[in-house]
Amino acid sequence: MAQYDYDLFVIGAGSGGVRAARLTALGGKKVAVAEEYRVGGTCVVRGCVPKKFMVMASEVSHALEIAEGYGWSFDNAKFDWPTFLHAKDVEIARLSGIYAANLAKAGVDLVHGRAVLKDAHTVEILAKEGGKNQTITAEKILIATGGRPWKPESLTGIEHAITSEEAFHLPELPKRILIAGGGYIAVEFAGIFAGLGVETTLIYRGPNILRGFDDDVRAHLAGEIEKRGIKVILGCQHSSIEKTETGLVNHLENGMKIETDVVMFATGRAPHVKDLGLETAGVELNDDGAVKVDQHSRTTADNIWAIGDVTDRMNLTPVAIREAVAFHETVYKNNPQSFDYEAVATAVFSQPPVGTVGLTEAEARHACPGEVDVYVTRFRPMKYAFTGSDERVLMKLVVDGETQRVVGCHIVGPDSPEMIQLAAIAVKAGLTKAQWDATCAVHPTMAEELVTLKEKQVPASMSAG
C-alpha cells in the first residue's frame, strides 16, 4: 500500500475547503490545506462578509432620511471612508484568524502558498520569491479554489476598470462610478455606492437586471433602485473606456458617453482553475470551464474531488459548506450523500434587498403539470408612513394549482433576507397554501402578508381578453 504525507490534501481555505478539512481531521485523518492568499476565502475576505459591512454602512444614509420623518434631526452627519475601511479590515483580519485557529484546533496543517497538482497524488507548493518549493503527497485531494471576477479582456480600456475585489480597497471614495453588470454583485455595489453619496450608474446588456430571478422581482427592483438615485441603463454595454485628465469616459454601444471616476465590472465570476495542473492529474473541465464532477463531487480522477464555486453548480457559500459535509460523509463515513439543490433560498443585498426561494412563476408554469396559482401584493411599508417615501414592497407566492403546494416565494423590501430564511423551511417542506393561510399573522409586520394573501393574480392573457 502506498504511503502518503497526508490522507487528505485540500487546495483552498475558503468556507467549503475549511469545513471539509476540519471534519476530516476531527475524524482522525491526517489533513493539510493550502491557501495562496488569506484563510477564509472569497466569502470572508473579499465577498459576502465585507460586502455586507459595506451594505450596512451605506444603509445609514437612508435610515437618517427616515429618522427625520420621525422627528430626529442630524446637523453634522457625515461619512468617513478611511475610518470605515480600517474598521472593516480589522474585522476581516479577526475572522480570518478565527478560521485559521479552528483549523489548528482540529489538527489540520495549514500550508501558505499556491498549490499545483503534479500528478493525481502529488502537490507542489510554489514558494514566494527567494523561497524553495515544497512537494507534498496525499491519498486523496479536494479542490476548493472557488471563483474569481471575470472581465472582458478584449475591451479597449479594460485595464482602467476594477472588479469587486478592488472595490473593497479603494483609497478614496469616488464622486462618480459606473458599474457594468446586472447580477447580485452589480446591484449590491450600486446600492452601496449610491448610499454612500456616490453618483452611480448601472449598465446591463440584458433587458432587465437579475437574470434568472422572477420577472416581477426583476421589474420591481429595477424601479425601486432608481428611487434611491441609481441611474439604470438596460440593453447596453461598453464599446470602450477612455482615460482622460478629468476621469474615465465610458463609451457605450448606444452612443452615450458617461464620465466617471471609477468603472467597476461585475459581469460574472469564473471558476479558479488556471495553472492548477488539473490536466496532469487527470481532472477534466466541463464546457463552461468548471471542474467536472459527479453527484458526489468526484472529479474524473478517482482520488480527487471538488466542491464549491470551482464546480459552478450553485455558487453560494452555504451550498459549498453543505457540499463539504456531503463529501466527508461520502468519502470518510461510508454514507454516500449528495446535496439537494432544490428550493435553496438566496438573498440579494440590494437596496431594497431581495429574498427568494423555489421556482419563479415562469419556471413553475413549465414544471407544474396543471395550472399555477399566483398571489402578489405590493404595498408601502409602515416604516415609511411618516416619510412621504413612495418605496413599495413586493411579495409573491407561486402555487402548484394541482397540489396546492407553495413552490416559490419572492420578496423585495426591508428585511426580506431574514424573512426568506424562514419561508424557505415551508417551501422546502412542501407545505400547501392552506397551511400557510392557517398560520396566524404577527401584527403589525410586513411578513404577515405572506399568510394573508387571498386574491389570485389573473394571468395577463385572461385579463387582456
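Note that the structure is a prediction, hence the values are computed from the model and not measured.

**Student:** Looking at this model, I keep getting lost on the overall build of the protein chain. Mind explaining?
**Tutor:** Scanning the protein chain from N- to C-terminus turns up twelve helices and 21 strands. In terms of overall dimensions, the protein chain is globule-like: its C-alpha atoms have a radius of gyration of 24 Å, near the 23 Å expected for 465 residues. Its C-alpha atoms give the protein chain principal-axis dimensions of about 70 × 65 × 45 Å. For the protein chain, the residues scored as buried account for 50% of the 465 residues in total. Positive and negative charge centroids in the protein chain, built from 47 and 60 side chains respectively, lie 3 Å apart.

**Student:** Looking at this model, I keep getting lost on the packing of helix H1 (residues 15-26) against helix H8 (residues 317-332). Mind explaining?
**Tutor:** Between H1 and H8, the least distance of the axes is 8 Å, while the angle of their chain directions is 30°. In terms of orientation, H1 lies roughly parallel with respect to H8. Relative to H8, the crossing made by H1 is right-handed. Here Ser15, Gly16, Arg19, Ala20, Leu23 and Thr24 of H1 lie close against H8, whose contacting residues are Thr317, Ala320, Ile321, Ala324, Val325, Phe327, His328 and Tyr332.

**Student:** Please explain the packing of helix H3 (residues 48-69) against helix H6 (residues 184-195) as it appears in this structure.
**Tutor:** Any two packed helices are characterised by how steeply their axes cross, that is the angle between the axes, and by the distance between the axes. For the pair H3 and H6, the least separation of the axes is 8 Å and the interaxial angle reads 40°. In terms of their interaxial angle, H3 and H6 are classed as oblique. Here H3 and H6 pass one another in a crossing that is left-handed. Contact with H3, carried on its side by Lys51, Met54, Val55, Ser58 and Ser61, involves Glu188, Phe189, Gly191, Ile192 and Gly195 of H6 and no other residues of that element. Grouping the constituent residues of the contact of H3 with H6 by class yields four nonpolar, four polar and two charged.

**Student:** What should I look at first to understand the sheet that holds strand S11 (residues 238-243) in this one?
**Tutor:** Each strand in a sheet pairs with another by means of backbone hydrogen bonds, the pair being arranged parallel or else antiparallel. Strands sit in the order S11-S12-S13 across an open sheet of three strands; the sheet is antiparallel. At either margin of the open sheet sits one strand with a lone partner, and together these are S11 and strand S13 (257-260). Averaged over all pairs of adjacent strands, the angle between their axes in this sheet comes to 20°, without regard to strand direction. Examined bridge by bridge, strand S12 (residues 248-252) and S13 share four bridges and lie antiparallel to one another. Within S13, the position partnered with Val249 by the bridge is Glu259.

**Student:** Just to check I follow, could you spell out the nonpolar core for this structure?
**Tutor:** Note on soluble globular proteins: their nonpolar side chains tend to be buried together. By size, the foremost hydrophobic cluster in this structure holds 45 residues, and its most contacted members are Ile179, Phe189, Phe193 and Met264. A total of seven residues in this core trace back to one element, the largest contributor, which is H6. For Phe193, the contacting residues outside a window of four places in its chain are Ala167, Leu170, Leu173, Pro174, Ile177, Ile179, Val198, Thr200 and Met264. Judged by nonpolar contacts, the second largest core, of 24 residues, contains Val111, Ile143, Ala281 and Ile304.

**Student:** Help me understand helix H10 (residues 416-429), please; the structure alone is not making it clear to me.
**Tutor:** For an α-helix, the turn length of 3.6 residues means that residues three or four places apart are oriented alike. Here H10 contains 14 residues, and its C-alpha end-to-end distance of 20 Å stays within 8% of the 20 Å for a straight helix at 1.5 Å per residue. Those residues of H10 that sit buried are Ser416, Pro417, Met419, Ile420, Ala423, Ala424, Ala426 and Val427. Looking one or two residues past H10, Gly430 carries a phi angle of roughly 75°, positive in sign.

**Student:** What is the right way to look at the sheet that holds strand S9 (residues 199-204) in this model?
**Tutor:** Overall, parallel pairing links the four strands, which are arranged S10-S9-S8-S14 in an open sheet. The open sheet has two edge strands, strand S10 (231-234) and strand S14 (262-265), and neither has a second partner. The sheet shows a mean angle of 15° between the axes of neighbouring strands, direction not considered. Note that strand S8 (residues 176-180) and S14 share four bridges and pair parallel. Pairing of Ala180 across the sheet is with Phe265, part of S14.

**Student:** Help me out: how do you make sense of the pairing of strand S19 (residues 372-379) in this one?
**Tutor:** Each regular strand shows side chains that alternate between the opposite faces of the sheet. Within S19, seven of the eight residues are buried, which leaves it mostly tucked inside the rest of the structure. Strand direction decides the pairing type here: S19 and strand S20 (residues 393-400), joined by eight bridges, are antiparallel. Bridge pairing in S20 places Val372 opposite Asp400.

**Student:** Is there a simple way to think about the pairing of S8 in this case?
**Tutor:** Counting buried positions along S8 gives five out of five residues, so the element sits mostly inside the fold. Neither face of S8 is left uncovered, since the one carrying Arg176, Leu178 and Ala180 and the one carrying Ile177 and Ile179 both have all their residues buried. Bridge analysis of S8 against S9 gives five bridges, and the strand direction is parallel. When the sheet's bridge partners are listed, Ala180 is paired in S9 with Ile203. With H6 bridging S8 and the parallel S9, this β-α-β connection has right-handed handedness.

About the cut-offs
- Residues numbered from 1 in each chain as written.
- Predicted model: local features only at pLDDT ≥ 70, side-chain atom pairs only at ≥ 80, totals over all residues.
- Heavy atoms only, no water.
- Helix = DSSP H or I, 4+ residues; strand = E, 2+ residues; numbered from the N terminus.
- Rg over C-alpha atoms; globule rule 2.2 N^0.38 Å.
- Buried < 20%, exposed > 50% of the residue type's maximum accessible area, 1.4 Å probe, protein only.
- Lys, Arg positive; Asp, Glu negative; His and termini not counted.
- Charge placed at Lys NZ, Arg CZ, Asp CG, Glu CD.
- Axes fitted to C-alpha atoms, helices over the stretch in contact; angles between N-to-C directions.
- Parallel < 35°, antiparallel > 145°, perpendicular 65-115°, else oblique.
- Left-handed = near helix turned anticlockwise from the far one by under 90°.
- Contact = heavy atoms within 4.5 Å.
- Nonpolar A, V, L, I, M, F, W, Y, C, P; charged D, E, K, R; others polar.
- Pairing = 2+ DSSP bridges.
- Core = buried A, V, L, I, M, F, W, Y, C linked by side-chain atoms within 4.5 Å.
- Expected span 1.5 Å × (residues − 1).
- Right-handed = clockwise from strand over helix to strand, strands pointing away.

Interpretation in functional terms is not warranted from these geometric data alone.
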